[in-house]
Amino acid sequence: MAIFEATLDQLTSGGFARLTMEGVAAAARTGKAALYRRWASKVELVIDALDATLPRPTDTPALGSARAELHYLVESFVSVSRSRAGGAMSAVMAELDHEQAELFKDFLAQRMLEPTKGVILDILRRGAERGDVRPDAASPVVADVAPAMLLYRIKVCGRQVGPEFVDQLVDEVLVPLIRP
């Protein structure tokens with residue numbers, strides 16, 4: 001949809017603060033009134049644009065080991081973070097103040113964090129059944145570690161995450177954390 005593409009373009013080029021309904025309407029070649037009929041605010045527009053364009057966390061295939069599956073999942077997350085929609089999400093996260101963060105918190109939790117934790121818990125349970133994960137490691141707290149580390153690295157440190165970080169996160173943090 002042209003409106004979502006224009007929204008992503010504005011987010012990645014100027015950030016959330018500089019995004020305007022007028023700018024999105026002009027870039028999408030539509031009227032501002034058409035946007036306001038569907039979205040009451042730019043927050044609602046941005047959430048819908050991100051929801052429509054960010055890939056949904058999906059089940060990780062059984063790859064024979066928890067390490068391989070976690071690596072696959074973290075690589076997928078990093079790939080999304082480097083995509084256009086991921087760049088737009090990073091732009092939003094980078095400049096949110098506390099009040100604005102509250103508006104996006106539910107979206108982040110329901111659309112990204114909880115589904116990702118669910119996939120991680122599935123990986124850990126499969127690994128426990130195979131014997132390459134401690135049974136007690138299949139817990140919500142352990143499932144929080146990878147998303148927390150990735151968000152910390154991107155949001156707090158302001159660093160891109162690449163293949164070397166994927167390897168470090170999996171091999172130096174996750175595997176030792178879950179090892180039987």
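Residues numbered from 1 in each chain as written. Predicted model: local features only at pLDDT ≥ 70, side-chain atom pairs only at ≥ 80, totals over all residues. Heavy atoms only, no water.

Draft legend 1. Here's a closer look at the overall build of the protein chain. Of regular secondary structure, the protein chain possesses 9 helices and 0 strands. Taking the principal axes of its C-alpha atoms as reference, the protein chain extends roughly 60 × 25 × 25 Å. Counting over 180 residues, the protein chain shows a buried share of 41%. The long-range fraction of contacts in the protein chain, counting pairs at least 24 apart against all pairs at least 6 apart in sequence, stands at 69%. When the accessible area of the protein chain is evaluated, it comes to approximately 9200 Å², of which 54% is carbon and sulfur surface. Each charge sign in the protein chain was given a centre, from 21 positive and 24 negative side chains, and these centres are 4 Å apart. (Helix = DSSP H or I, 4+ residues; strand = E, 2+ residues; numbered from the N terminus. Buried < 20%, exposed > 50% of the residue type's maximum accessible area, 1.4 Å probe, protein only. Contact = heavy atoms within 4.5 Å. Areas by Shrake-Rupley, 256 points an atom, 1.4 Å probe, with all protein chains shown as cover. Lys, Arg positive; Asp, Glu negative; His and termini not counted. Charge placed at Lys NZ, Arg CZ, Asp CG, Glu CD.)

Draft legend 2. View of the environment of Leu 54. Mapping Leu 54 onto the fold places it in the loop between α4 (42-53) and α5 (66-81). Exposure remark for Leu 54: the relative accessible area of 5% places this residue in the buried category. Separated by 26 residues in the primary sequence, Leu 54 and Val 80 have C-alpha atoms spaced 7.4 Å apart. In this view, Leu 54 contacts Val 80, Ala 85, Gly 86, Met 89, Phe 107, Arg 111 and Met 112; residues no more than four positions away in its chain are not counted.

Draft legend 3. Layout of the packing of α5 against helix α9 (residues 163-178). Running from N to C, α5 and α9 point in directions that differ by 140°, and their axes come no closer than 10 Å. The pairing of α5 with α9 is recorded here as oblique in orientation. The element α5 and its partner α9 pack so that their crossing is right-handed. On the side of α5, the interface is formed by Ala 66, Arg 67, Leu 70, His 71, Val 74, Glu 75 and Val 78, while α9 contributes Val 166, Asp 167, Leu 169, Val 170, Asp 171, Leu 174, Val 175 and Ile 178. (Axes fitted to C-alpha atoms, helices over the stretch in contact; angles between N-to-C directions. Parallel < 35°, antiparallel > 145°, perpendicular 65-115°, else oblique. Left-handed = near helix turned anticlockwise from the far one by under 90°.)

Draft legend 4. Just the packing of aromatic side chains, in detail. Summed over the entire model, instances satisfying the criterion amount to 2 aromatic pairs. Ring geometry for Phe 16 and Phe 104: centres 5.6 Å apart, planes at 85°, overall edge-to-face. Within this pair, whereas Phe 16 is found in the loop between α1 (2-14) and α2 (21-28), its partner Phe 104 is found in helix α7 (residues 98-130), the two being separated by 88 residues in sequence. Across the pair, exposure class does not vary: Phe 16 and Phe 104 are buried alike. For the cation-ring pair, Lys 42 lies above Phe 16, with the distance from its terminal atom to the ring centre recorded as 4.5 Å. (Phe/Tyr/Trp six-rings, centres within 6.5 Å; stacked < 30°, edge-to-face > 60°. Lys NZ or Arg CZ within 6 Å of the ring centre and 35° of its normal.)

Draft legend 5. Spotlight on unusual backbone geometry. With phi around 55°, Arg 29 is a residue other than glycine that occupies positive phi space. Along the chain, Arg 29 falls in the loop between α2 and α3 (32-38). Take Arg 29: its relative accessible area is 79%, and that puts it in the exposed class.

Draft legend 6. Up close: the nonpolar core. Ranked by internal contacts, the top residues of the largest apolar core, which has 29 residues, are Ile 3, Val 46, Leu 50 and Met 89. In terms of residue count, the dominant contributor to this core is α4 (6 residues). Ignoring sequence-local partners within four residues, the contact set of Leu 50 consists of Leu 8, Ala 85, Ala 88, Met 89, Phe 107 and Arg 111. Core analysis: the next-biggest nonpolar cluster, separate from the first, contains 26 residues, Leu 124, Ala 137, Val 166 and Leu 169 among them. (Core = buried A, V, L, I, M, F, W, Y, C linked by side-chain atoms within 4.5 Å.)

Draft legend 7. How the structure looks around empty space enclosed by the protein. Scanning all chains against the criterion turns up 3 cavities of 30 Å³ or more. The set of elements that each furnish at least two residues to the lining of the largest cavity consists of α5, α6 (84-95) and α8 (140-156). Of the pockets and cavities examined, the second largest cavity occupies roughly 40 Å³. In terms of lining residues, the second largest cavity is bounded by Leu 73, Val 74, Phe 77, Thr 116, Ile 120, Ala 146, Pro 147 and Leu 150. Secondary-structure elements contributing two or more residues to the lining of the second largest cavity are α5, α7 and α8. Broken down by class, the residue content of the lining of the second largest cavity amounts to 7 nonpolar, 1 polar and no charged. (1 Å grid on protein atoms, 1.4 Å probe; cavity = no way out; pocket = protein on both sides within 12 Å on 5 of 7 lines; lining within 4 Å. Points joined across faces, edges and corners; volume = space filled by probe spheres on them. Nonpolar A, V, L, I, M, F, W, Y, C, P; charged D, E, K, R; others polar.)

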